[in-house]
Amino acid sequence: MGDLAIDYCGEWYEPQEGTVFDIGREGDLEVDDNPYLHRKFLQVERQNGIWWLTNVGSMLSATVADVSGGMQAWVAPGSRIPLVFGQTRVVFTAGPTTYEFDVHLKTPAFRQESPDNDDGGETTIGPVQFTDSQKALIVSLAEPMLQRDGTGFTSIPSSAAAAKRLGWALTRFNRKLDNVCDKLDRVGVAGLRGGGGKLATNRRARLVEHAVTSQLITADDLHLLETMKGKDEG
């Protein structure tokens, strides 16, 4: 295996130095025949000794994080990010489907360290605190991704399906979803607001991408779907 390798659905790809590796509906890594996915969306290329991930699409963005959850970035169209960790997770959503692949680097520039976990009743990301019911809402949307082992693709439940999973009325679910997105938007999490300050139409997908890659929620939180079922904790 070369210096950099990509794992998607258990298949491995090795971009070569001096070439551009295309990822999208077509290319070196053909993700899926999804009409919502750009023909060429992401590119991996080595320049001046550094591997870069570039978003060459026009509409979609990608969430990039080290697997410890310590670093996360939102790669919008036209931007790029250096790949510097031993294992980097890339997550993006096209239409109703969320995709995930891992980039492995033999000679990382940075070492990954696991963040300290708080075992208290609330989860804090910077100044943001979430109640168990707010975390349960996020888990209800991320359940398919949290249950999957390894890279691949999943569909994010609709708000109606997630509300039913929790035994909540849809109006209550949407109110809590707005609340959670507002909290994260205020501390600088990108992609949760659309034009004019309104909540983005794809905020469910962006919320899941952020929550999973930052380890705001993990598979250990799946129990909240049952413990918070039908409850209203605020």
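Residue indices begin from 1 for each chain and proceed along its sequence in written order. Only residues with pLDDT of at least 70 get local features here, since the model is predicted, and only at 80 or more are side-chain atom pairs given and counted; chain-wide, interface and lining totals rely on the full set of residues. Calculated side-chain values reflect all of the structure's heavy atoms, with hydrogen atoms and water omitted.

K.L.:
Explanation requested: the overall build of the protein chain in the structure shown.
P.N.:
Each helix corresponds to a stretch of at least 4 residues labelled H or I by DSSP, and each strand to a stretch of at least 2 residues labelled E; elements are numbered beginning at the N terminus. Assigned secondary structure in the protein chain consists of 5 helices and 14 strands. By the burial criterion, 47% of the 234 residues in the protein chain qualify as buried. By definition in these notes, contact holds between two residues if any of their heavy atoms fall within 4.5 Å. Residue pairs in contact within the protein chain that sit at least 24 positions apart in sequence constitute 55% of those at least 6 positions apart. Under the scheme applied here, a residue whose accessible area is under 20% of the maximum for its type counts as buried, over 50% as exposed, and between as partly exposed, the area being computed with a 1.4 Å probe on protein chains only.

K.L.:
Explain the packing of aromatic side chains to me, please; I cannot follow it from the model alone.
P.N.:
Both the distance between ring centres and the angle between the ring planes are used here to describe each pair of aromatic rings. Pairs were defined over the aromatic rings of Phe, Tyr and Trp, the Trp ring being its six-membered one, requiring ring centres within 6.5 Å. Orientation was assigned from the angle between planes: stacked under 30 degrees, edge-to-face over 60, tilted for the rest. All told, the structure shown has 6 aromatic pairs when counted by the stated rule. Their ring planes at 25° and their centres at 5.3 Å tell us that phenylalanine 92 and tyrosine 99 sit as a pair that is stacked. A relative accessible area of 1% means that phenylalanine 92 is categorised as buried. Ring plane angle 50° and centroid distance 6.4 Å describe the contact between tryptophan 168 and phenylalanine 173, whose orientation is recorded as tilted. Among the aromatic residues, those joined into a cluster by ring pairs are Phe41, Phe92, Tyr99, Phe101 and Phe153. Between the NZ or CZ atom of arginine 80 and the centre of the ring of tryptophan 52, over which it lies, the distance is 3.7 Å. By the criterion adopted, a ring carries a charge over it if an Arg CZ or a Lys NZ lies within 6 Å of its centre and within 35 degrees of its normal. Positioned above the aromatic ring of phenylalanine 130, the side-chain terminus of lysine 183 is 5.6 Å from the ring centre.

K.L.:
Where do I start with the environment of valine 44 in this structure?
P.N.:
Its place among the elements puts valine 44 in strand β5 (residues 42–47). In the structure, valine 44 is positioned 38 residues away from proline 82 in sequence and 9.6 Å away in space, judged by C-alpha atoms. Apart from residues no more than four positions distant in its own chain, valine 44 is found in contact with Leu4, Ile6, Pro15, Thr19, Val20, Phe21, Ile23, Trp51, Trp52, Leu53 and Leu83.

K.L.:
I tried to follow the pattern of salt bridges on my own but got confused; where do I start?
P.N.:
Should the charged atoms of two oppositely charged side chains come close, the side chains can pair. Salt bridges are defined by distance alone: a side-chain nitrogen of Lys or Arg within 4 Å of a carboxyl oxygen of Asp or Glu. This model, assessed by the stated rule, comprises 11 salt bridges. As a salt-bridge pair, arginine 46 and aspartate 3 come within 3.1 Å of each other at their nearest N and O atoms. Of this pair, arginine 46 sits in strand β5 while aspartate 3 sits in the segment before β1 (4–8), and the two are 43 residues apart along the sequence. For aspartate 178, the salt bridge identified is with arginine 203, shortest N-O distance 3.2 Å. Residue aspartate 178 is located in helix α3 (residues 170–186), and its partner arginine 203 is located in helix α4 (residues 203–213); the two are separated by 25 residues in the primary sequence.

K.L.:
Would you mind going over helix α1 (residues 132–147) with me for this structure?
P.N.:
To estimate the expected span of a helix, count its residues, drop one, and scale the result by 1.5 Å. Look at α1: only 19 Å from first C-alpha to last across 16 residues, short of the 22 Å you get at 1.5 Å a residue. Given a residue, its bend is the angle between the two axes fitted to the seven residues that end at it and to the seven that start from it. At leucine 141, α1 is deflected by roughly 60°, the largest bend along its length, and proline proline 144 occurs up to four residues later in sequence. Of all the 16 residues making up α1, 13 are buried; the element is thus mostly covered by neighbouring parts of the structure.

K.L.:
For this particular structure, what's the right way to read the side chain of glutamine 43?
P.N.:
For glutamine 43, the position within the fold is in strand β5. Here a polar contact means two N or O atoms within 3.5 Å. Within protein one must be a hydrogen donor candidate and the other an acceptor candidate, and residues neighboring in sequence count only if both atoms are side-chain atoms. A polar atom in the side chain of glutamine 43 sits 2.8 Å from the side chain of aspartate 22. Those residues in contact with glutamine 43 that sit more than four places away from it in its chain are Val20, Phe21, Asp22, Trp52, Leu53, Thr54 and Val56.

K.L.:
Help me understand the confidence of the model for the protein chain in this model?
P.N.:
Reading predicted coordinates in detail is not appropriate for stretches of low pLDDT. Scored from 0 to 100, pLDDT records how confident the predictor is in each individual residue. In the predicted model, the protein chain carries a mean pLDDT of 87, and 87% of its residues have values of at least 70. Mean pLDDT per element in the protein chain: strand β12 (residues 123–125) is the minimum at 42, and strand β3 (residues 21–24) is the maximum at 98. Overall, residues 117–125 carries pLDDT values under 50, and its contacts beyond four positions in sequence, including any with other chains, amount to 12 contacts.

K.L.:
Which parts of the structure should I look at to understand the pairing of strand β11 (residues 97–105)?
P.N.:
As a general feature of sheets, a regular strand has side chains that alternate between the two faces. In terms of burial, β11 is a largely internal element, 8 of the 9 residues being buried. As judged from the 4 bridges shared by β1 and β11, these two strands associate in the antiparallel manner. Bridge pairing links aspartate 7 to aspartate 102 in β11. If DSSP finds at least two bridges between two strands, the strands pair. Across 8 bridges, the pairing between strand β10 (residues 87–94) and β11 is antiparallel.

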